[in-house]
Number of protein chains: 2
Amino acid sequence: MASSTGDRSQAVRHGLRAKVLTLDGMNPRVRRVEYAVRGPIVQRALELEQELRQGVKKPFTEVIRANIGDAQAMGQRPITFLRQVLALCVNPDLLSSPNFPDDAKKRAERILQACGGHSLGASDAIVTVLKLLVAGEGHTRTGVLIPIPQYPLYSATLAELGAVQVDYYLDEERAWALDVAELHRALGQARDHCRPRALCVINPGNPTGQVQTRECIEAVIRFAFEERLFLLADEVYQDNVYAAGSQFHSFKKVLMEMGPPYAGQQELASFHSTSKGYMGECGFRGGYVEVVNMDAAVQQQMLKLMSVRLCPPVPGQALLDLVVSPPAPTDPSFAQFQAEKQAVLAELAAKAKLTEQVFNEAPGISCNPVQGAMYSFPRVQLPPRAVERAQELGLAPDMFFCLRLLEETGICVVPGSGFGQREGTYHFRMTILPPLEKLRLLLEKLSRFHAKFTLEYS
Amino acid sequence: MASSTGDRSQAVRHGLRAKVLTLDGMNPRVRRVEYAVRGPIVQRALELEQELRQGVKKPFTEVIRANIGDAQAMGQRPITFLRQVLALCVNPDLLSSPNFPDDAKKRAERILQACGGHSLGASDAIVTVLKLLVAGEGHTRTGVLIPIPQYPLYSATLAELGAVQVDYYLDEERAWALDVAELHRALGQARDHCRPRALCVINPGNPTGQVQTRECIEAVIRFAFEERLFLLADEVYQDNVYAAGSQFHSFKKVLMEMGPPYAGQQELASFHSTSKGYMGECGFRGGYVEVVNMDAAVQQQMLKLMSVRLCPPVPGQALLDLVVSPPAPTDPSFAQFQAEKQAVLAELAAKAKLTEQVFNEAPGISCNPVQGAMYSFPRVQLPPRAVERAQELGLAPDMFFCLRLLEETGICVVPGSGFGQREGTYHFRMTILPPLEKLRLLLEKLSRFHAKFTLEYS
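Residues numbered from 1 in each chain as written. Chains lettered and ligands numbered in written order. Predicted model: local features only at pLDDT ≥ 70, side-chain atom pairs only at ≥ 80, totals over all residues. Heavy atoms only, no water.

Colleague: Please explain the overall build of chain A as it appears in this structure.
Modeller: Scanning chain A for helices and strands turns up 16 helices and 13 strands. Its C-alpha atoms give chain A a radius of gyration of 25 Å, near enough to 23 Å, the size a compact globule of 458 residues would have. For chain A, the spread of C-alpha atoms along the three principal axes comes to 85 × 70 × 45 Å. Expressed as a percentage of the 458 residues in chain A, the buried residues total 60%. Accessible surface, chain A as shown: approximately 17,900 Å² in total, 52% of it carbon and sulfur. Treating the 49 positive side-chain charges of chain A as one cloud and the 49 negative ones as another, the clouds have centres 4 Å apart. (Helix = DSSP H or I, 4+ residues; strand = E, 2+ residues; numbered from the N terminus. Rg over C-alpha atoms; globule rule 2.2 N^0.38 Å. Buried < 20%, exposed > 50% of the residue type's maximum accessible area, 1.4 Å probe, protein only. Areas by Shrake-Rupley, 256 points an atom, 1.4 Å probe, with all protein chains shown as cover. Lys, Arg positive; Asp, Glu negative; His and termini not counted. Charge placed at Lys NZ, Arg CZ, Asp CG, Glu CD.)

Laid out in structure tokens, this is it:
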């Protein structure tokens, strides 16, 4: 609870320190959670299975799990029709195979038609780590530093958990770079009314598309260490780096290479997902968190919380296995895998470049380079009369602009106000995902609409 | 906030009443959640798509969704290797097909070997509805009535949400029947220190395996209506009914058939899952909630909350489609589907019967009929010296018994204390899922162990 501003050098000089996140200081509601079905009995059963595998003599040869209502784990065969349709859904190439009955194929086609997209992945893991950190009331309530603009999972989760959102602004003039001086400002102000305990970084940035330099990551780690903040590194776009000179550096690797006192002590949770990268497999909810230097007792609490209900679907886990260990050069699938991966990333890089170019040619629109991730976050000038009109309608000015854009052009983008932006500036987030030629038309149409809108209200 | 005990007849005489769960009274943290990426812009885009389909003239022919980072929804083709391995995982019959490369097959085999079981399904939906209901502080904190014994998802979630758990006891002497007089007792006591707003019912019961009669369900609905409680009906075991004379009745159907004033007003959420039933597909996380008479504004809040992060995996959604609409009699897959379904349910019925028989032949063990679901919850006599020994070790007596059972026989069951039980009684929950012959050996081994344990401590 003690503020550590000012005792920076002392902190670095010291040896081992108490963790930011300890069993005593963590979310007390999480501690109170109990979950019998996966309690000490099941943990002991796992140990016994391991001992049996190691050849330890026991009065039995097998652990029989009669604790959980999972019929297939106990040998029940899946119903054929269900699995046939699922195989056709995940691999529609099989629709031309003669080995599947017609009704299974028809059903799979109908389901595939009706399926919309989904975009989550690592979200549940992020929510879980934030949950652990939330504690205190009033002036001791947990504060969490998040970038502005941010991905609204953060603001939504902090609101739901009753934590204090502490904004630090990314620097639009320097291609949305993260500035440690701004972190200090945000932290200093926050300490007046809450207890900041964690710092979230999104790299590559969402919605802003910047890629952090190695120097910046080192500075962020030093800041978190000195100020005793738990670090959350949202790295789900780590494969999506396009700009010449930009390179992805993982917080964990940089931390490890910084050596003592940081490497062995700074608490870090890093997140990845199958929804992004070259895979784009949003529908499978594959995501993971890797924790570094987390207090062992807290880590147990995290596992408990996850086993209460955060059980990821098996197809998503299978997918994650493939992403973490892709085919090796000697494998028969290697060549095709690499070719597909490169093609996806090359096309995304071309779309990132095109987006920046077309927007920056349009008067009244300026767009930072899309160094990584999947989004542009261009700034738009809105004429004062448009701002007034929006206020009359009870809308944020950028919401008013985006709604008009949608009504007149069919283009669906998200107003910057949902992500946060400096007062008086207006943005929108647009993905770079439509096919290249469609994207070109879309960018031009949007730029023309903005010109017309500006004329209409000037 | 006003207690309604005593104004029962008045409530029934009245016409339309305010909902239990209103926008004003719901969890204020949920109301504060905002989620830009799926806000009003996206809702309007959906409406526009519908208008276009209906032939309404627009200045464009297509809505282009540049709002969400779902690459495949924008036309990116999935990476072949990833989808091949997933198809092999969901339908291992394909492992013998010549149309898959060797490395994909090997990888699928390795993943299938490493996959443990999972048991969740409708859990996330239950948590979401409970979240909406939680509000107030101190004496106005939300109370939720849950059965004892209960499935620990309920106690764990209420603890995490900071709601008050209100226990009502099932009647072990009457095969774990639900007794409305006991609901009145529990409610009356709870009103002294919290504000009960919801009643959870698990039917068929977990861990207790009872199946509610239609009369009982009607009485519960009348009770909930008179006492102004939101009803949560956990019906994930609806296909798992074995006992002669037992039949599953859905709360929704019974409610609808009761007519006014109940049918049009009683708020109800009913839950189902692909993890149980004849399907047993725990690994896919397919579950759903159906809400009846929920306030429209609250329902919007629920959808918002679900879209922040509760996006179910696509394979699970596909599976749910199949469960809700299984093959029809004229479909080519009908015969095999029915045969497999009947075989699964018949074997479960035999196991339910066997479990009850063997346990009831063992001195010191008594077991109610397993009318439904997948569990027995037998009561065990533990000698006073075993209870003392457990207390010395700081363990619940049934935990001590179950740990010893595991160490000496390799049988893993869950102590009753994790589900709740009447003070001074001891139980354990054991699934009926092991294959029939293995189950017989297991039941006999367990009974013999209990005899030995009793002798040891008497």
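Colleague: I would appreciate a short explanation of helix H15 (residues 397-409) of chain B in the present structure.
Modeller: Side chains that are three or four residues apart share a direction in an α-helix, a result of its 3.6 residues per turn. Here H15(B) spans 18 Å end to end across 13 residues, near enough to the 18 Å set by a 1.5 Å rise per residue. Across the 13 residues that make up H15(B), a large majority, 11, are buried. For H15(B), every residue scored as buried is listed here: B:Pro397, B:Asp398, B:Met399, B:Phe400, B:Phe401, B:Cys402, B:Leu403, B:Arg404, B:Leu405, B:Leu406 and B:Thr409. Buried positions along H15(B) lie against helix H3 (40-53) of chain A together with helix H14 (384-392), strand E11 (411-412), strand E12 (414-415), strand E13 (428-431) and helix H16 (436-456) of chain B. (Expected span 1.5 Å × (residues − 1). Contact = heavy atoms within 4.5 Å.)

Colleague: I tried to follow the interface of chain A and chain B on my own but got confused; where do I start?
Modeller: How large an interface is tends to be reported as the accessible area lost when its parts come together. Taken together, the contact pairs 133 residues of chain A with 133 residues of chain B. Here chain A meets chain B over a buried area of about 11,700 Å², counting both sides, of which 62% is carbon and sulfur. One can count 10 salt bridges joining chain A with chain B. Where B:Lys438 meets A:Glu62, a salt bridge forms, and the shortest distance between an N and an O atom there is 2.7 Å. The interface formed by chain A and chain B holds 24 residue pairs in polar contact (both at pLDDT 80 or more) in total. At 10 residues, helix H4 (residues 80-90) of chain A tops the list of elements feeding residues into the side of chain A that touches chain B. In terms of strand pairing, strand E11 (residues 411-412) of chain A meets strand E1 (residues 64-65) of chain B through 2 bridges, oriented parallel. In the sheet register, A:Cys412 faces E1(B), and the bridge partner there is B:Arg65. (Buried area = accessible area lost by both parts, 1.4 Å probe. Salt bridge = Lys/Arg side-chain N within 4 Å of Asp/Glu carboxyl O. Polar contact = N/O pair within 3.5 Å; in protein donor to acceptor, adjacent residues only side chain to side chain. Pairing = 2+ DSSP bridges.)

Colleague: Please explain the relation of the copies chain A and chain B as it appears in this structure.
Modeller: When chain A is fitted to chain B, the residual RMSD is 0.1 Å, and the transformation amounts to a turn of 180° plus an axial shift of 0.0 Å. Both chain copies can therefore be described as sitting about a two-fold axis. Every residue of chain A has its C-alpha some distance from the rotation axis, and the shortest such distance is that of A:Ala87, at 2.3 Å. (Least-squares fit on C-alpha atoms with pLDDT ≥ 70 in both.)

Colleague: Would you mind showing me how to read the packing of aromatic side chains here?
Modeller: Here the distance between the centres and the angle between the planes together describe a pair of aromatic rings. Tallied over the entire structure, the rule returns 28 aromatic pairs over all chains. Between the aromatic rings of A:Tyr278 and A:Phe337, the centroid separation amounts to 5.7 Å while the plane-to-plane angle is 80°, which identifies the pairing as edge-to-face. On the criterion of sequence distance, the pair formed by A:Tyr278 in the loop between strand E6 (268-273) and strand E7 (287-292) and A:Phe337 in helix H13 (residues 334-361) is long-range, its members being 59 residues apart. For A:Phe337, a relative accessible area of 1% gives the class buried. For the pair B:Phe377 and B:Phe419, a centre-to-centre distance of 5.8 Å together with 85° between the ring planes defines the contact as edge-to-face. Of this pair, B:Phe377 sits in the loop between strand E9 (375-376) and strand E10 (379-380) while B:Phe419 sits in the loop between E12 and E13; the two residues are 42 residues apart in sequence, bridging distant segments of the chain. B:Phe419 gets classed as buried once you look at its relative accessible area, which sits at 1%. (Phe/Tyr/Trp six-rings, centres within 6.5 Å; stacked < 30°, edge-to-face > 60°.)

Colleague: Teacher, can you tell me more about the environment of A:Val180 here?
Modeller: Residue and element names in this part refer to chain A. Mapped onto the elements of the fold, valine 180 is located in helix H8 (residues 180-190). When the C-alpha positions of valine 180 and lysine 131 are compared, they lie 26 Å apart, and in sequence the two are 49 residues distant. Residues within four places of valine 180 in sequence aside, it is in contact with Ala219, Val220 and Phe223.

Colleague: Explanation requested: the pattern of salt bridges in the structure shown.
Modeller: Should the charged atoms of two oppositely charged side chains come close, the side chains can pair. Using the criterion set out here, one finds 45 salt bridges over all chains in the structure. Across the salt bridge formed by A:Lys58 and A:Glu51, the nearest N and O atoms sit 2.6 Å from each other. The exposure class assigned to A:Lys58 is partly exposed, which follows from its relative accessible area of 22%. Residues B:Arg404 and B:Glu408 are paired through a salt bridge, measuring 2.6 Å at the closest nitrogen-oxygen approach. One end of the pair, B:Arg404, and the other, B:Glu408, are both in helix H15, 4 residues apart, so they sit about a helical turn from each other. The class for B:Arg404 is buried, based on a relative accessible area of 17%. Given a relative accessible area of 25%, B:Glu408 falls into the partly exposed group. By sharing partners, the salt bridges in this structure join A:Arg44, A:Glu47, A:Glu51, A:Lys58 and B:Glu407 into a single network.

Colleague: In this structure, what is going on with the sheet that holds strand E2 (residues 142-148) of chain B? I would like to understand it.
Modeller: Either a parallel or an antiparallel arrangement is found when strands of a sheet pair, and the pairing is made through backbone hydrogen bonds. All names here are of chain B. Read across the open sheet, the 6 strands follow the order E3-E2-E4-E5-E6-E7; overall the sheet is mixed. Each edge of the sheet is formed by a strand with only one pairing partner; in this case those strands are strand E3 (164-169) and strand E7 (287-292). On average, each strand axis in the sheet is tilted by 25° relative to the strand beside it, whichever way the strands run. Of the strand pairs in this sheet, strand E5 (residues 230-234) and strand E6 (residues 268-273) are connected by 4 bridges, and their pairing is parallel. (Axes fitted to C-alpha atoms, helices over the stretch in contact; angles between N-to-C directions.)

Colleague: Got a minute to help me understand the pairing of strand E5 (residues 230-234) of chain A in this structure?
Modeller: Along a regular strand, successive side chains alternate from one face of the sheet to the other. Residue and element names in this part refer to chain A. The element E5 is extensively covered by neighbouring structure, given that 5 of its 5 residues are classed as buried. Side-chain alternation along E5 places Phe230, Leu232 and Asp234 on one buried face and Leu231 and Ala233 on a second face that is also buried. Pairing of strand E4 (residues 195-202) with E5 involves 5 bridges; the strand directions are parallel. The residue bridging alanine 198 from the neighbouring strand is phenylalanine 230, located in E5. Regarding topology, helix H9 (residues 214-226) serves as the crossover connection from E4 to the parallel E5, and that connection is right-handed. Traced from E5 through helix H10 (residues 251-258) to E6, the parallel crossover comes out right-handed. (Right-handed = clockwise from strand over helix to strand, strands pointing away.)

Colleague: Help me understand the sheet that holds E13(B), please; the structure alone is not making it clear to me.
Modeller: Spatial strand order, E9-E13-E12 (chain B): 3 strands in an open sheet with antiparallel pairing. In the strand order of this sheet, the two ends are held by E9 and E12 of chain B, each with one partner.

Colleague: Which parts of the structure should I look at to understand the environment of A:Ala45?
Modeller: For A:Ala45, the location among the structural elements is in helix H3. Classification of A:Ala45 as buried rests on a relative accessible area of 0%. Remark: the alpha-carbon pair of A:Ala45 and A:Val63, spanning 18 residues in sequence, is separated by 6.8 Å. Each residue touching A:Ala45, except ones within four places of it in the same chain, is listed here: A:Val63, B:Leu406 and B:Cys412.

Colleague: Whenever I open this one, the environment of A:Met26 confuses me. Can you help?
Modeller: Residue and element names in this part refer to chain A. The residue methionine 26 is located in the loop between helix H1 (8-13) and helix H2 (28-32) in this model. Since its relative accessible area comes to 2%, methionine 26 is described here as buried. Once the C-alpha coordinates of methionine 26 and glycine 136 are considered, the two residues, 110 residues apart in sequence, prove to be 9.1 Å apart. Excluding anything up to four places from it in sequence, methionine 26 contacts Leu21, Arg31, Leu132, Val134, Ala135, Arg197, Val298 and Gln301.

Colleague: Would you mind going over the nonpolar core with me for this structure?
Modeller: Note on soluble globular proteins: their nonpolar side chains tend to be buried together. In this structure, A:Phe230 and B:Phe230 are the most contacted members of the largest nonpolar core, which totals 139 residues. Ignoring any residue separated from it by four or fewer positions in sequence, one finds B:Phe230 in contact with B:Val20, B:Leu21, B:Val129, B:Leu133, B:Arg197, B:Ala198, B:Leu199, B:Gln266, B:Glu267, B:Leu268, B:Ala269 and B:Met294. (Core = buried A, V, L, I, M, F, W, Y, C linked by side-chain atoms within 4.5 Å.)

Colleague: I keep staring at the side chain of B:Gln371 and nothing clicks. Help me out?
Modeller: Here B:Gln371 lies in the loop between strand E8 (365-366) and E9. Other than its neighbours up to four places away in sequence, B:Gln371 contacts B:Ala175, B:Gly209, B:Gln210, B:Val211, B:Asn240, B:Val241, B:Tyr242, B:Ala243 and B:Ser246.

Colleague: Hey, could you run me through the packing of helix H15 (residues 397-409) of chain A against helix H3 (residues 40-53) of chain B in this one?
Modeller: The relative placement of two packed helices is expressed as an angle between their axes plus a distance between the axes. Across the interface, H15(A) lies against H3(B) with an axial gap of 10 Å and an inter-helix angle of 15°. One way to sum up the angle between H15(A) and H3(B) is to call them roughly parallel. In this structure, the crossing between H15(A) and H3(B) has a hand that is right-handed. For the pair H15(A) and H3(B), the contacting residues are A:Met399, A:Cys402, A:Leu403, A:Leu406 and A:Glu407 in the first and B:Pro40, B:Ile41, B:Arg44, B:Ala45 and B:Leu48 in the second. Each residue belonging to the contact of H15(A) with H3(B) can be placed in one class, and the counts come to 8 nonpolar, no polar and 2 charged. (Parallel < 35°, antiparallel > 145°, perpendicular 65-115°, else oblique. Left-handed = near helix turned anticlockwise from the far one by under 90°. Nonpolar A, V, L, I, M, F, W, Y, C, P; charged D, E, K, R; others polar.)

Any functional reading would require information that these geometric values do not contain.
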